[in-house]
Protein chains: 6
Amino acid sequence: MADDLAKKGLEVRTALFGEKAAVAGNEYLKQFDEGFATFLNDQLFGGIWGRPGLPTKIRSLITMTALMALGRGPELRLHMRGALNIGVTKEEIKEMIIHISQYSGVPTAVEAIRAFREVTEPRKG
Amino acid sequence: MADDLAKKGLEVRTALFGEKAAVAGNEYLKQFDEGFATFLNDQLFGGIWGRPGLPTKIRSLITMTALMALGRGPELRLHMRGALNIGVTKEEIKEMIIHISQYSGVPTAVEAIRAFREVTEPRKG
Amino acid sequence: MADDLAKKGLEVRTALFGEKAAVAGNEYLKQFDEGFATFLNDQLFGGIWGRPGLPTKIRSLITMTALMALGRGPELRLHMRGALNIGVTKEEIKEMIIHISQYSGVPTAVEAIRAFREVTEPRKG
Amino acid sequence: MADDLAKKGLEVRTALFGEKAAVAGNEYLKQFDEGFATFLNDQLFGGIWGRPGLPTKIRSLITMTALMALGRGPELRLHMRGALNIGVTKEEIKEMIIHISQYSGVPTAVEAIRAFREVTEPRKG
Amino acid sequence: MADDLAKKGLEVRTALFGEKAAVAGNEYLKQFDEGFATFLNDQLFGGIWGRPGLPTKIRSLITMTALMALGRGPELRLHMRGALNIGVTKEEIKEMIIHISQYSGVPTAVEAIRAFREVTEPRKG
Amino acid sequence: MADDLAKKGLEVRTALFGEKAAVAGNEYLKQFDEGFATFLNDQLFGGIWGRPGLPTKIRSLITMTALMALGRGPELRLHMRGALNIGVTKEEIKEMIIHISQYSGVPTAVEAIRAFREVTEPRKG
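### Re the overall build of chain A
- Scanning chain A for helices and strands turns up seven helices and zero strands.
- What you see in chain A, going N to C, is helices and strands ordered as α-α-α-α-α-α-α.
- For 125 residues, the compact-globule estimate of 2.2 N^0.38 gives 14 Å, and chain A sits close to it at 15 Å.
- Classification of the 125 residues of chain A by burial places 51% in the buried group.
- If you take every contact in chain A between residues at least 6 apart in sequence, the share linking residues at least 24 apart comes to 63%.

### With respect to the nonpolar core
- If you look at the biggest cluster of nonpolar residues, it comprises 209 residues, and the most contacted ones within it are I97 of chain A, I97 of chain B, I97 of chain C, I97 of chain D, I97 of chain E together with I97 of chain F.
- Sequence-distant contacts of I97 of chain F, that is, excluding residues within four places in its chain, are made with M68, A109, A112, I113 and F116 of chain F.

### Side note on the interface of chain E and chain C
- Contact residues are listed per partner, giving seven residues for chain E and nine residues for chain C.
- Secondary structure elements with two or more residues in the side of chain E that touches chain C: α6 (90-104) and α7 (106-120) of chain E.
- It is α7 of chain E that provides the largest number of residues to the side of chain E that touches chain C, a total of four residues.
- Split into classes, the residues belonging to the side of chain E that touches chain C amount to five nonpolar, one polar and one charged.

### Structural notes on the interface of chain A and chain B
- Across the contact, 26 residues belong to chain A and 26 residues belong to chain B.
- Those elements that provide at least two residues to the side of chain A that touches chain B are α3 (34-48), α4 (56-69) and α6 (90-104) of chain A.
- The dominant element in the side of chain A that touches chain B, judged by the number of residues it contributes, is α6 of chain A, at eleven residues.
- Across the side of chain A that touches chain B, the residue classes break down as 14 nonpolar, six polar and six charged.

### Some words on the relation of the copies chain A and chain B
- Overlaying chain A on chain B yields an RMSD of 0.0 Å, the required transformation being a rotation through 180° with an accompanying axial translation of 0.0 Å. In the structure described here, the two chain copies are related by an operation that fits a two-fold rotation axis.
- Interface residue correspondence from chain A to chain B reaches 100%, placing this contact among same-surface, isologous pairings.

### Things to note about helix α3 (residues 34-48) of chain E
- An ideal rise of 1.5 Å per residue puts 21 Å on 15 residues; α3 of chain E measures up with 19 Å between its terminal C-alpha atoms.
- Residues of α3 of chain E that are buried: F36, F39, L40, N41, D42, Q43, L44, F45, G46, G47 and I48 of chain E.
- On the buried face of α3 of chain E, the contacting elements are α3 of chain A, α6 (90-104) and α7 (106-120) of chain B, α1 (2-17) and α2 (19-32) of chain E together with α6 (90-104) of chain F.

### Looking at the relation of the copies chain E and chain C
- Between the two copies, chain E and chain C, the superposition gives an RMSD of 0.0 Å; the rotation angle is 120° and the shift along the axis is 0.0 Å. The relationship between the two copies is best expressed as a three-fold rotation axis. By C-alpha distance to the rotation axis, the residue of chain E lying nearest is G71 of chain E, at 5.1 Å.
- Both copies present different contact surfaces, since only 14% of the interface residues of chain E are interface residues in chain C too.

### Some details on the confidence of the model for chain A
- Put simply, chain A has an average pLDDT of 96, and 97% of its residues get 70 or more.
- Confidence metrics for the complex model read pTM 0.97 and ipTM 0.96.

### With respect to the packing of helix α4 (residues 56-69) of chain C against helix α5 (residues 73-85) of chain C
Residues and elements named next belong to chain C.
- The geometry of α4 relative to α5 is characterised by a closest axis approach of 9 Å and an angle of 160° between their N-to-C directions. As summarised for this structure, α4 and α5 are arranged roughly antiparallel, according to the angle between their axes. α4 and α5 meet at a crossing whose hand is left-handed. Along the contact surface, α4 presents S60, T63, M64, L67 and M68, while α5 presents E75, L76, H79, M80, G82 and A83.
- When its residues are assigned to classes, the contact of α4 with α5 shows six nonpolar, four polar and one charged.

### With respect to the domain arrangement of chain A
Residue and element names in this part refer to chain A.
- Splitting chain A by domain gives domain 1 (1-52) and domain 2 (54-125).
- Listed per partner, the contact involves five residues of domain 1 and five residues of domain 2.
- Here the residues of the side of domain 1 that touches domain 2 are counted per class, giving four nonpolar, one polar and no charged.

### Overview of the packing of helix α4 (residues 56-69) of chain E against α6 of chain F
- Contact geometry for α4 of chain E and α6 of chain F: axes closest at 10 Å, N-to-C directions at 40°. The orientation of α4 of chain E relative to α6 of chain F falls into the category oblique. The element α4 of chain E and its partner α6 of chain F pack so that their crossing is right-handed. Two secondary-structure elements touch here, α4 of chain E through R59, I62, T63, A66 and L67 of chain E and α6 of chain F through M96, H99, I100, Y103 and S104 of chain F.
- Partitioned by chemical class, the residues of the contact of α4 of chain E with α6 of chain F number six nonpolar, three polar and one charged.

### A look at the environment of L29 of chain F
Residues and elements named next belong to chain F.
- Among the structural elements, L29 can be located in helix α2 (residues 19-32).
- For the pair L29 and L40, spaced eleven residues apart in the sequence, the C-alpha separation amounts to 8.9 Å.
- Setting aside its immediate chain neighbours within four residues, L29 contacts F36, A37 and L40.

### Quick look at helix α1 (residues 2-17) of chain C
Residues and elements named next belong to chain C.
- In this model, α1 (16 residues) spans 22 Å end to end at C-alpha, consistent with the 22 Å of a helix rising 1.5 Å per residue.
- Restricting attention to buried positions, one finds in α1 the residues G9, V12, R13 and L16. One side of α1 holds all its buried residues, which, seen down the axis, span an arc of 95°. The outward face of α1, more than 90 degrees from its buried face, is lined by the exposed residues D3 and D4.
- On its buried face, α1 is in contact with α2 (19-32), α3 (34-48) and α5.
- Once α1 ends, the next one or two residues include G18, with phi positive near 90°.

### Describing the environment of L70 of chain E
- Mapped onto the secondary structure, L70 of chain E falls in the loop between α4 and α5 (73-85).
- Sequence separation between L70 of chain E and S104 of chain E is 34 residues, and the spatial gap between their C-alpha atoms is 7.8 Å.
- Excluding residues within four positions of it along the chain, L70 of chain E makes contact with A69 and S104 of chain F.

Reading guide: rules and limits
- Residues numbered from 1 in each chain as written.
- Chains lettered and ligands numbered in written order.
- Predicted model: local features only at pLDDT ≥ 70, side-chain atom pairs only at ≥ 80, totals over all residues.
- Helix = DSSP H or I, 4+ residues; strand = E, 2+ residues; numbered from the N terminus.
- Rg over C-alpha atoms; globule rule 2.2 N^0.38 Å.
- Buried ≥ 20, exposed ≤ 12 C-beta atoms within 10 Å, placed from the backbone.
- Contact = placed C-beta atoms within 7 Å.
- Core = buried A, V, L, I, M, F, W, Y, C linked by C-beta atoms within 7 Å.
- Nonpolar A, V, L, I, M, F, W, Y, C, P; charged D, E, K, R; others polar.
- Least-squares fit on C-alpha atoms with pLDDT ≥ 70 in both.
- Expected span 1.5 Å × (residues − 1).
- pLDDT = per-residue confidence, 0-100.
- Axes fitted to C-alpha atoms, helices over the stretch in contact; angles between N-to-C directions.
- Parallel < 35°, antiparallel > 145°, perpendicular 65-115°, else oblique.
- Left-handed = near helix turned anticlockwise from the far one by under 90°.
- Domains from an automatic or database assignment.
- Arc of directions from axis to C-beta.

Structure (structure tokens):
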């Protein structure tokens, strides 16, 4: 069963962040601490994201909601990219930002809009 | 258009909290400040909850998410009742709590479980 | 100079909370820890509240603002009573609540309104 | 009346941020979402900042207080610039930072001092 | 290995909260959700509290620190009781509260003092 | 006694941040406000860090805990450097991060890991 969680965790992370980033992210965490990397992959992404009670898109949407409400900028950008990868639409993210502005305050929305633009706009080059 | 928002706001609040509580809630806020009561009904519930970009059930779910993450106990209870009234299932609320525990910390989940039990258990009498 | 701060601290706390509560509050803190009670009276109320750069009423208003924004219910009630004692008006507190609702979220305003009503309404009995 | 709020909102934003930044800020928000840009201009800056119950300087001071207490760095910088534009003095901002350090913790003051220096010091060049 | 974590988790929870409360707490969580109860016992108390890198007393002290800083009142009371059960002294808890007051603000200390008194004072009866 | 606190404060700050940074930090704060610089040196570092009830290493560990839980990135980096200077080990900081992830949420741990790597990795150059 530990193997199932590990597999499921990698699967969820790959769907969200792409195969390359999923592997790199895990390596980064393993360099910090092997046990914590396993915990996050197996328990968080395998065990919790993998529960059947809510579809992954909804999990993605509520994850972004919590990250915006708590003002966790870098993680919010990461999960916005993840959300778009699994088919959450730009419109849905936008609506979430506007709705939650009234629950965690307009400044958290302004920060989320900044993140949204960085994530959705074509890079200049 | 101000009339439309007022009507829509009352409609959303009635669906969430029931007619009696929707009216009483508005009266309570009007006693505090007429303008702020109008703002909350028209702009928040009419204007924002009423936007077409996300279904009301999803708005309810992300509202509870923000309230749990920010540790707003009384408001969380209110919106859990609202969620059940518009057809969000107990299972969905439960899944949200478990999922978000990893984003805002286990103590916010323990508090949300307390709220969940108060809201879902038959009152002793 | 330590004596000056002690005197000023007692003075500020008496103006805010009344003589009886100022003394009782200090006793309560001294039972917890003598040094911390002295720190709060001398440094916080004497040293910081006593600085000339902002009038006490403005200090009271920004204190309530921080307490509301951070969701510190019991302390907010205490400082609302203090504010009214030194001449901050109900209207000013009300305006602060409505204004800050957009910066820390509507749920913090709902909690502050609850506090406001408890503090300003004549007790039933 | 919607027109009045729109006009008042632009007026308040112009006083705070200057005409150029007020217009640019609105454009930026409109590109994100037309409705939300209107909400912020009309309801927040026109409707709430425009209420007569508190002078604009006090509104500016309590806005900075909430932003500091909640650790909203970029917005704090923006509103510090706004505060100086409408005549809040450096001394008053400084006093607010020192006072609030005891309510939201010294680290929020250290961050606010960083913002204060960026906003008040002549740019090197 | 899952069995080891389960056993370790129960052991840690029993040391902290006593056998009766450890079992009752688990039952309460299982009624909410079997999988989440297992997660908390096995992963949080068995897997994380059971890691060798920090002694349990230090884990208890930093847990109380986080709970105080984040304003999680009921959980703080629970872990204060747990701390005293495993030999953290009243003096150490007191020092933590005074120290952290400067990092999360005096109001979080006032709330923690309230919790401290409830937990350490002989009940009236 | 004020002199004792001043001396003790400088001593604590020197142990944590090194003599050069301790002096520079004080100068920086004095340029902001003389009185607040004195308050932080004498009362916070001299008076509170200097209390005998907890060893400095434990004070350092709980300070980092609060900074991580509250998401205060720059201050967390500063105190991680301080912790290593007074003999807190990398392993202990790592354990604190992993432990607290369950109390303030995984995103605060991810941010703390970022800080940990910046502070502990040899600079490229």
